Amino acid sequence: MTRVWKWNRPVTVREVLEDLQQERSIAYTTVMTVLDNLHQKGWVRRESEGRAYRYEAVSTRAAYSAALMNDAWSQSDNPAAALVAFFGMMSEEQRRALRDAVHIVQGPEEAPERGADRRETRVTPDAADEKRVKKPGEKPVEASGEKQGEKPGENPDSGPGGTGR
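Peer 1: So what's going on with the sheet that holds strand β1 (residues 11–12)? Which residues, and what values?
Peer 2: Pairing is antiparallel in the open sheet, where three strands are placed in the order β1-β3-β2. On the outer flanks of this sheet lie β1 and β2 (44–49), each paired with one strand and no other. In this fold helix α3 (residues 28–40) packs onto β2 and β3 (52–57), with an angle of close to 120° to the strand it touches most, β2.

Peer 1: Requested: an account of the packing of aromatic side chains, with residues and values cited.
Peer 2: Taken as a whole, this structure holds four aromatic pairs when the rule is applied. Here the aromatic rings of Phe-86 and Phe-87 are separated by 6.1 Å at their centres, their planes lie at 50°, and the arrangement is tilted. The exposure class assigned to Phe-87 is partly exposed, which follows from its relative accessible area of 28%. The aromatic ring of Tyr-53 is capped on one face by Arg-46, whose charged end is 4.1 Å from the ring centroid.

Peer 1: Describe the pairing of β2, naming the residues involved and giving the relevant values.
Peer 2: Pairing analysis gives six bridges linking β2 to β3, with the strands arranged antiparallel. Residue pairing for β3: Ser-48 is matched across the bridge by Tyr-53. Between the end of β2 and the start of β3, which pair antiparallel, lie two residues, with Gly-50 showing a positive phi angle near 70°.

The rules behind each value
- Residues numbered from 1 in each chain as written.
- Predicted model: local features only at pLDDT ≥ 70, side-chain atom pairs only at ≥ 80, totals over all residues.
- Heavy atoms only, no water.
- Pairing = 2+ DSSP bridges.
- Helix = DSSP H or I, 4+ residues; strand = E, 2+ residues; numbered from the N terminus.
- Contact = heavy atoms within 4.5 Å.
- Axes fitted to C-alpha atoms, helices over the stretch in contact; angles between N-to-C directions.
- Phe/Tyr/Trp six-rings, centres within 6.5 Å; stacked < 30°, edge-to-face > 60°.
- Buried < 20%, exposed > 50% of the residue type's maximum accessible area, 1.4 Å probe, protein only.
- Lys NZ or Arg CZ within 6 Å of the ring centre and 35° of its normal.

Structure (C-alpha cells):
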C-alpha cells in the first residue's frame, strides 16, 4: 500500500515491481499476488488496461491512519485516559499539528479565543488515570507541567506556536 499511496495515481504491477527492486530482489508474481489480495480486501480498485491492471488506493493514507486511531480509541474502556496518554506521547510538533487540525475541524466560529475564560471541564493526566475530571478552578497538577487555562502542550513563555503497510 505504501507504494500505491506514494504515487497517488493508478499504478501497474510492473511499476511497483521496478520501484521495489531498487531496494531488494522480488518476483513479479509476488507483487501481483499482493496487489490482487489488496483488491480482494477492498483496499485498492483496479481497471483493466490491455493485458494488465492499474491499481488505485480506495482511500488515502491519512484516512487509513485516522480509522486505525479511531478504532483503537473506541476500544478503550477509558477513552479520556487513552487520549491523554496518546497526547502525552506526542512531540511538540505533533501537538501543534493537532491544534491546527482541531481549529480546522471546529472552524473559526467554534475555536476559543486565546486567553478567553473557558468553563469547560478539562481532563488531566492524573484525573484520567483516577477516572475523574478536573473542574475549572481546581489547583493544577504539578506533574502535568500545565497551568490552569493553558492548552495541553502550550507554553506561553515559548512564543507563538504555529505544525508501512
